[in-house]
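Descriptive structure summary
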Amino acid sequence: GVAGIMIASGRASIPAVEYAASFVPTVLVGMESSHHAIDSVSIDNSSETQMAAQVIAAGHRRVAVTASDPAESFTLHQRTERYRNALEAAGAEVTIVHGAGDGDALARELRNAIQAGVTAVMTGDDPTAVEVLELLESWGIRCPAEVSVTGFDAVGVYRSPLFGLATMRQPVEQMASAATELMMERLGESQKPAIHATYPGEYVQGRTLGHPSEREGE
């Protein structure tokens, strides 16, 4: 009895999305797509470039970027690549830290990256940023005085000033409204080509991104 499916998760797999779309109208919310038969509403991918530019502007030249399994989250995998490309284009040295979602693996690779001289950690989402902050706190490493951390999304509890995350806010209200309109059109038997709408994010300065001078001067 389902007439349409709206998938609001960056962790959905592309094969699963395509399977759903073969039966009923399917709209992706927060997940980029170029599929000819699947509508999508997402944050503009220039937001990752802007986030990387903030890290570069703060003076960081050795940056760790967290990475997760592409099969678990295509969106986060794309974000990692965009971070890497933007940072390297600006002349930064990038270290990919695998294990996002796996506490032990993340801790091991993050520790190695910091010991190798990384001064900033760019994460794919706010929950991972908080996990990194917790690890730094447990190791006695100050943020941002010694190592800066950035997140992405700024939704739910992670918007709280108590976290103070330097992050990119997703335009959730706009995307939700646009996705609902798209679905209503499809349920009205609209046959027009798939629409892939994007909306700009908003940088949230926070207090977890600072200049690396103090650590580099040690």
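In the block above lies the structure referred to throughout.
In this report, we go over the structure that sits alongside the text. (Residues numbered from 1 in each chain as written. Predicted model: local features only at pLDDT ≥ 70, side-chain atom pairs only at ≥ 80, totals over all residues. Heavy atoms only, no water.)

A look at the nonpolar core
- Membership of the largest hydrophobic core comes to 21 residues, with the highest contact counts inside it found for Val55, Val63, Val65, Tyr83, Leu87 and Met122.
- Within the residue set of this core, elements represented by two or more residues are α2 (46-57), β4 (62-67), α3 (74-89), β5 (93-98) and β6 (120-122).
- Per-element tally for this core: the top contributor is α2, with four residues.
- Leaving out residues up to four positions away in the same chain, leucine 87 has contacts with Ala52, Ile56, Val63, Val65, Ala92, Val94 and Met122.
- In terms of nonpolar packing, the next biggest core, distinct from the first, is built from 19 residues, Leu110, Ile114, Val118 and Val149 among them. (Core = buried A, V, L, I, M, F, W, Y, C linked by side-chain atoms within 4.5 Å. Buried < 20%, exposed > 50% of the residue type's maximum accessible area, 1.4 Å probe, protein only. Helix = DSSP H or I, 4+ residues; strand = E, 2+ residues; numbered from the N terminus. Contact = heavy atoms within 4.5 Å.)

Some remarks on the sheet that holds β5
- The strand order across the open sheet built from four strands is β5-β4-β6-β7, with neighbouring strands paired in parallel fashion. Bordering the open sheet on either side are β5 and β7 (148-150), each of which pairs with just one other strand. Strand-to-strand twist of the sheet, defined as the mean angle between neighbouring strand axes without regard to direction, takes the value 25°.
- Where β6 lies against β7, three bridges are found, and the strand directions are parallel. Counterpart to methionine 122 in the pairing with β7 is threonine 150.
- Contacting β4, β6 and β7, helix α5 (residues 126-139) runs over the sheet at an angle of about 160° to β7. (Pairing = 2+ DSSP bridges. Axes fitted to C-alpha atoms, helices over the stretch in contact; angles between N-to-C directions.)

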